[in-house]
Amino acid sequence: MTAIDPSDERALDAEATAKARAARRAKLFTRINKADAWFQVLGLSWMTPVLKALAGDNPKAQGKEIWKLLGVPVLAIVGFLMLWGTLAPKVQTSLGAIPGPAAVWGEAVNLHQDALAKSEKKAAFLERVEARNERFIANGQPEKVKDIPYTGSPSYYEQIWTSIKTVFFGFLIGSAIAIPLGILAGLSPYANAAINPLVQIFKPVSPLAWLPIVTMVVSALYTTNDGLFAKSFLVSAITVTLCSLWPTLINTSLGVASIDKDLVSVSKVLKMGTWQKITKLVLPSALPLIFTGLRLSLGVGWMVLIAAEMLAQNPGLGKFVWDEFQNGSSQSLAKIIVAVLTIGIIGFLLDRVMFALQSLFTFSNNR
């Protein structure tokens, strides 16, 4: 019978433990690397070096990454807030001194509380209308039942939601027009020659020039305001469409035209039909540039919408800014700055949404 040296057993156990630890560590880093793609989409790329540092992967190197991706931006924001707070009281306007960060934050809290109060008021009104209609039904008077709309002023959040709905509606219409035209221009030199002059003429036109034309056309063709969409909504959405479709059209055309010629030759050898060629070859190859155009178009559309709402006095954030400017109260400047910051944050989030869709479609296309 051969005796086993206890020291050999300990060495084997230590080796097995080390291998198990290395396997767990490798699995952890694999998960972190997979999560990094989503962190990039969400604008949280600094999370990757934080997680790697916590997992023990070269803390010094990861610390430099954390400083670059998180520390420097935070320091820049703090510096901006300090500069704003220092210089703002020194700038006097017709409405008083420009509010600093503390005053703007206080006004943001007030807008939030006001939105909650308006929401409760609206809910109470709708409950009264429902109770009124139920009484008429119970009394056998269904002809007196009415759907009475709430006529109170919209809350700040409702104005934000109105602007978001409008920009997406106009953006989707613009995309539905721009992508097919871009594919056509990319596939056919003759179509490109026909479309390109129109793009060069209409692309630089300001939304302020389009708005009167759109308003008159919508008023002439959409004679009722009781339809599916309000006139003001259509005016803003169509203005967004006319100004935002060009980046998508140009990038789609460029993406389609730059497809590898060998792939085109293969499609001819395989005798692909037009629809099969577009879905199997053109769109997958041009997808990155198409999404670049969509992201640019959505950003343009968001800027155009605010200007259109201000000029046409259509419901939304633009009208909120204009109303506060006209109001001229001591809180107006702070409210306008809150709206400016809101517009910027929403613009960033819209871009993140498009980037997430681009990553999702590109990942699915590469599988």
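Here goes a summary of the coordinates provided. Numbering of residues starts from 1 in each chain and follows the order in which that chain's sequence is written. Selection of residues for local features in this predicted model requires a pLDDT of at least 70, selection of side-chain atom pairs for listing and counting requires 80 or more, and totals for whole chains, interfaces and linings are taken over all residues. Processing note: side-chain calculations cover all non-hydrogen atoms of the structure and skip hydrogens and water entirely.

### Description of the environment of Cys243
Structurally, the position occupied by Cys243 is in helix α8 (residues 231-257). Any two residues whose heavy atoms approach within 4.5 Å are treated as being in contact. What Cys243 contacts, discounting residues up to four positions off in sequence, is Val205, Ser206, Pro207, Trp210, Val300 and Val304. Helix numbering and strand numbering both begin at the N terminus, where a helix is a DSSP run of H or I of at least 4 residues and a strand a DSSP run of E of at least 2.

### Some thoughts on helix α4 (residues 101-138)
Spanning 38 residues, α4 covers 55 Å between terminal C-alpha atoms, matching the ideal 56 Å at 1.5 Å per step. Taken together, the buried positions of α4 are Val104, Glu107, Leu111, Ala115, Phe125, Val129, Asn133 and Phe136. Downstream of α4 by one or two residues, Gly140 has phi in the positive range, about 75°. Take the residue count of a helix, subtract one, and multiply by 1.5 Å to get its expected span. Between buried and exposed lies partly exposed: a residue is buried under 20% and exposed over 50% of the maximum accessible area for its type, with that area taken using a 1.4 Å probe on protein chains only.

### Some points on the environment of Lys319
Summarising the element assignment, Lys319 is placed in helix α11 (residues 317-327). Linking Lys319 and Met303, residues 16 residues apart in sequence, is a C-alpha distance of 13 Å. What Lys319 contacts, discounting residues up to four positions off in sequence, is Glu309, Met310, Gln313 and Asn314.

### A few points about helix α7 (residues 207-221)
In this model α7 runs 20 Å from its N-terminal to its C-terminal C-alpha over 15 residues, within 8% of the 21 Å that 1.5 Å per residue would give. Restricting attention to buried positions, one finds in α7 the residues Pro207, Trp210, Leu211, Val214 and Val218. For α7, the angular spread of buried residues about the axis comes to 105°, placing them on one side. Facing away from the buried side of α7 by more than 90 degrees, the exposed set consists of Met216 and Ala220. The inward-facing, buried residues of α7 abut α6 (189-202), α8 and α10 (274-312). The opening residue of α7, the one whose side-chain oxygen lies 3.1 Å from the backbone nitrogen of Leu208, is Ser206. In this context, the arc is that of the directions from the helix axis out to the C-beta atoms. Polar contact is the term for a pair of N or O atoms within 3.5 Å; when the atoms are in protein, one must be able to donate a hydrogen and the other to accept it, and sequence-neighboring residues count only if both atoms are side-chain atoms.

### Overview of the packing of aromatic side chains
Any two of the Phe, Tyr and Trp rings considered here, Trp counted by its six-membered ring, make a pair once their centres fall within 6.5 Å; the pair's planes then place it as stacked at under 30 degrees, edge-to-face at over 60, or tilted in between. According to the stated counting rule, one finds seven aromatic pairs in the structure shown. Aromatic pair Phe202 and Trp210: ring centres 5.8 Å apart, planes at 35°, arrangement tilted. Of the residues examined, Phe202 reaches a relative accessible area of 32% and is grouped as partly exposed. By way of ring pairs, the aromatic residues Tyr156, Tyr157 and Phe320 are connected into one cluster.

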